[in-house]
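Letter by letter, the chains look like this.
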Amino acid sequence: MTGASLPWTHSPVKVGLVGAGPWARGVHARVLAAGPETQLTAVWARRAEAAQETAAPYGAEVVASFEELLDTCEAVAFAVPPFVQAELACRAAAAGKALLLEKPLAMDLPSAQRLVDAVDTAGVVSQVVLTSRYNPATRRFLAAARSVEAVGARACMVTGAFLGGEFATPWRLEHGALLDLGPHVLDLLDAAMGPIVRVRGTGDPRRWIELTCEHASGAVSQASLSGSVNVENGITRIELFGPHPELVYDGADIDHEESLPVLRREFATAVRTGKSGELDVHRGLHLQTLMAQAMEG
């Protein structure tokens, strides 16, 4: 059995959910309610009717304020725009709550740093929802990548999500692919090729942006990002090159549902042990730092 399928011997972690948009409804609420590691206790959102729609299928409470949400739970999951998350997560950390955070941590680097400082001061557990990193297939690719000497890589993450539909939200349309897709690609390149020490960006994040990454090993990788191109399905692909045969990660081959029980189990384990895993706020801050460099050009 995998770690996520082993019996859960602890009490479920009581989690309150902030947000009631499509990601909150489609992922956070159902995953947290499925257990056995977690229990969805309450939902709070700006629109009470949306919170009710999100909470009702799972018998969770709808609360009238963020403070009331904090009273119902021991951990808080966020599915809100980055500028909202950065403010509220600081308050949740100060209240001693573990944090399940979306990427990016915040809209800008200073706000992300304040959140990290709040988490460190409070000593609470944190975890970032870099969804693909919890997938067994992704982890097999990264294990293979670490066993080879790659001198270069190219990556692509392009979608049509910003052209219309429920994920064409104001913050994504304003700031583009770098803040939304960048954390995923930079995280995977950093994990596969070794630490990224410098990023340069060219282009318009609202249309198409190219990133050139310098790694501590001396390797160089490049990534193409866009949320505004007409492709039938999103494309996520990473290719590593070196004296070995080409090593390829293709998101089309990934069942993303396999990530979710692993994510839930690892968050609950972190809360119960009091020890954050690799994908915590400090990982999020590293990615935010790289994105800030890219925006400098």
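Structure: see above.
What comes next concerns the included structure.

1. As for the layout of surface pockets
Considering only enclosed or pocket space, the second largest pocket measures out at about 170 Å³ in volume. Lining the second largest pocket, in full, are Gln 127, Arg 133, Tyr 134, Arg 139, Leu 142, Arg 146, Glu 266, Ala 270, Gly 277, Glu 278 and Leu 279. The leading source of residues in the lining of the second largest pocket is helix H6 (residues 136-146), at 3 residues. A class-by-class count of the residues in the lining of the second largest pocket yields 4 nonpolar, 2 polar and 5 charged.

2. A look at the nonpolar core
Residues Phe 78, Leu 99, Leu 186, Leu 189, Leu 211, Leu 225 and Leu 240 are the most contacted members of the largest nonpolar core, which totals 96 residues. Sort the elements by how many residues they give to this core and helix H8 (residues 177-193) lands first, with 11 residues. Excluding anything up to four places from it in sequence, Leu 99 contacts Val 76, Phe 78, Ala 89, Ala 92, Ala 93, Leu 115, Val 119, Val 125, Ser 126, Gln 127 and Phe 267.

3. Comments concerning the sheet that holds strand E2 (residues 38-44)
With parallel pairing, the 6 strands of this open sheet are ordered in space as E3-E2-E1-E4-E5-E6. With one partner strand each, in any of the chains shown, strand E3 (61-62) and strand E6 (126-128) form the two edges of the open sheet. Helix H1 (residues 22-34) contacts strand E1 (13-18), E2, strand E4 (75-78) and strand E5 (98-101) of the sheet and is inclined by roughly 140° relative to E2. Across the sheet, helix H9 (residues 259-273) lies against E1, E2, E4, E5 and E6, angled at about 160° from E5, the strand it touches most.

4. Details of empty space enclosed by the protein
A full pass over the atoms with the stated rule returns 2 cavities of 30 Å³ or more. Roughly 70 Å³ of volume is contained in the largest cavity. Elements with a minimum of two residues in the lining of the largest cavity: H1 and H9. Residues that form the lining of the largest cavity fall into these classes: 7 nonpolar, 1 polar and no charged. Lining the second largest cavity, in full, are Lys 103, Pro 104, Leu 105, Val 128, Leu 130, Pro 183, Gly 284, Leu 287, Gln 288 and Met 291. If you tally residues by element for the lining of the second largest cavity, the top one is helix H10 (residues 281-296), at 4 residues.

5. Things to note about the packing of aromatic side chains
Here the structure, examined in full by the defined rule, presents 3 aromatic pairs. For the ring pair Phe 141 and Tyr 249, a centre distance of 5.1 Å and an interplane angle of 45° mean the geometry is tilted. Taken together, the residues Phe 141 in helix H6 and Tyr 249 in strand E12 (residues 247-250) connect sequence positions 108 residues apart. According to the relative accessible area criterion, Phe 141 is buried, its value standing at 6%.

6. Structural notes on the pairing of E4
Side-chain alternation along E4 places Ala 75 and Ala 77 on one buried face and Val 76 and Phe 78 on a second face that is also buried. Relative to E4, E1 runs parallel, the two being bridged by 4 bridges. By the bridge assignment, Gly 16 is partnered in E4 with Val 76. Taken together, the 3 bridges between E4 and E5 define a ladder with parallel strand orientation. Bridging across to E5, Val 76 finds its partner in Leu 99. For the handedness criterion, the β-α-β arrangement of E4, helix H4 (residues 82-94) and E5 is classed as right-handed.

How each quantity is defined
Residues numbered from 1 in each chain as written. Predicted model: local features only at pLDDT ≥ 70, side-chain atom pairs only at ≥ 80, totals over all residues. Heavy atoms only, no water. 1 Å grid on protein atoms, 1.4 Å probe; cavity = no way out; pocket = protein on both sides within 12 Å on 5 of 7 lines; lining within 4 Å. Points joined across faces, edges and corners; volume = space filled by probe spheres on them. Helix = DSSP H or I, 4+ residues; strand = E, 2+ residues; numbered from the N terminus. Nonpolar A, V, L, I, M, F, W, Y, C, P; charged D, E, K, R; others polar. Core = buried A, V, L, I, M, F, W, Y, C linked by side-chain atoms within 4.5 Å. Buried < 20%, exposed > 50% of the residue type's maximum accessible area, 1.4 Å probe, protein only. Contact = heavy atoms within 4.5 Å. Pairing = 2+ DSSP bridges. Axes fitted to C-alpha atoms, helices over the stretch in contact; angles between N-to-C directions. Phe/Tyr/Trp six-rings, centres within 6.5 Å; stacked < 30°, edge-to-face > 60°. Right-handed = clockwise from strand over helix to strand, strands pointing away.

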